[in-house]
Amino acid sequence: HEKVKLPTSAVRNNVASLSDLTNVLANFAMLSGDNDSKAATGHSFLLDELLKIIPKLQYGMDVNPKFTCGITGYEYTQELACFESWHVKLVHGWLCDPTDESMVPLFQALGNKTYNELIEYVIQG
């Protein structure tokens, strides 16, 4: 994998603009493609999603964890394409311990629901 490098001016001035970061991350994603044609098609799709998402990153990301599906349990959102393209494993610590007897009722109630599904459930009462 290629190393991510900021522009010389950003390093010299100790400041990277949003534009600098956007360009570096987009270039990294483009260079990290696969030579296999089937995989390249999938990479092209992810790259298209990524190029739409990168400008929005300054406002945050929509990630939707699943509490009972381990540290990598997420509902797929477009924002997760960023992590796939950059080969970064996204993990979270919002977990219930199924071996803790006191947590079993909570674990069963949560099931395979995502954060957003649980928020809707709470709002509906």
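Since we're looking at a predicted model, the values are computed, not measured.

**Here we look at the overall build of the protein chain**
The secondary structure content of the protein chain amounts to 6 helices and 2 strands. Along the protein chain, helices and strands appear, N-terminal first, in the series α-α-α-β-β-α-α-α. Per-residue burial for the protein chain yields a buried fraction of 28% across its 125 residues. By sequence separation, contacts in the protein chain at least 24 residues apart represent 53% of the contacts at least 6 residues apart. For the protein chain, the accessible surface area stands at approximately 8700 Å², while carbon and sulfur atoms represent 56% of it.

**A word on the packing of aromatic side chains**
Applying the stated criterion to the full structure yields 1 aromatic pair. Where F67 meets Y115, the ring centres are 6.4 Å apart and the plane angle is 55 degrees; that geometry is what we call tilted. Here the residue F67 occupies a position in the loop between β1 (64-65) and β2 (74-75), and Y115 occupies one in helix α6 (residues 115-124), the gap between them amounting to 48 residues. For F67, a relative accessible area of 13% gives the class buried.

**Examining unusual backbone geometry**
Positive phi is not limited to glycine here, since N14 has a value of about 55 degrees. Structurally, the position occupied by N14 is in the loop between α1 (8-13) and α2 (18-31). N14 gets classed as exposed once you look at its relative accessible area, which sits at 70%.

**Examining a negative patch on the surface**
Where like charges cluster on the molecular surface, the negative patch consists of D62, E75, E117 and E120. Structurally, the position occupied by E75 is in strand β2. Looking at E75, the relative accessible area reads 33%, which means it is partly exposed.

**Concerning α2**
Compared with the 20 Å implied by 1.5 Å per residue over 14 residues, the 20 Å span of α2 between its first and last C-alpha is a close match. Every buried residue belonging to α2 is among D20, T22, V24, A26, F28 and A29, and all of these are buried.

**Re the nonpolar core**
Among the nonpolar cores identified, the biggest contains 9 residues, and these are A26, F28, A29, L47, L50, I53, I54, C82 and W86. Secondary-structure elements contributing two or more residues to this core are α2 and α3 (37-53). Beyond its immediate sequence surroundings of up to four residues, A26 is in contact with L51 and I54.

**A closer look at the side chain of T114**
On the secondary structure map, T114 appears in the loop between α5 (104-110) and α6. In this structure T114 comes out as buried when scored by relative accessible area, which is 2%. In this structure T114 touches N64, P65, K66, F67 and E75, once residues within four positions along its chain are discounted.

**Details of the environment of S19**
Tracing the sequence through the fold places S19 in helix α2. Given a relative accessible area of 45%, S19 falls into the partly exposed group. Along the chain, S19 and P55 lie 36 residues apart, while their C-alpha atoms are 8.6 Å from each other.

Criteria and thresholds
- Residues numbered from 1 in each chain as written.
- Predicted model: local features only at pLDDT ≥ 70, side-chain atom pairs only at ≥ 80, totals over all residues.
- Heavy atoms only, no water.
- Helix = DSSP H or I, 4+ residues; strand = E, 2+ residues; numbered from the N terminus.
- Buried < 20%, exposed > 50% of the residue type's maximum accessible area, 1.4 Å probe, protein only.
- Contact = heavy atoms within 4.5 Å.
- Areas by Shrake-Rupley, 256 points an atom, 1.4 Å probe, with all protein chains shown as cover.
- Phe/Tyr/Trp six-rings, centres within 6.5 Å; stacked < 30°, edge-to-face > 60°.
- Patch = residues over 30% accessible without salt bridge, like charges linked within 9 Å, V, L, I, M, F, W, Y side chains within 5 Å.
- Salt bridge = Lys/Arg side-chain N within 4 Å of Asp/Glu carboxyl O.
- Lys, Arg positive; Asp, Glu negative; His and termini not counted.
- Charge placed at Lys NZ, Arg CZ, Asp CG, Glu CD.
- Expected span 1.5 Å × (residues − 1).
- Core = buried A, V, L, I, M, F, W, Y, C linked by side-chain atoms within 4.5 Å.

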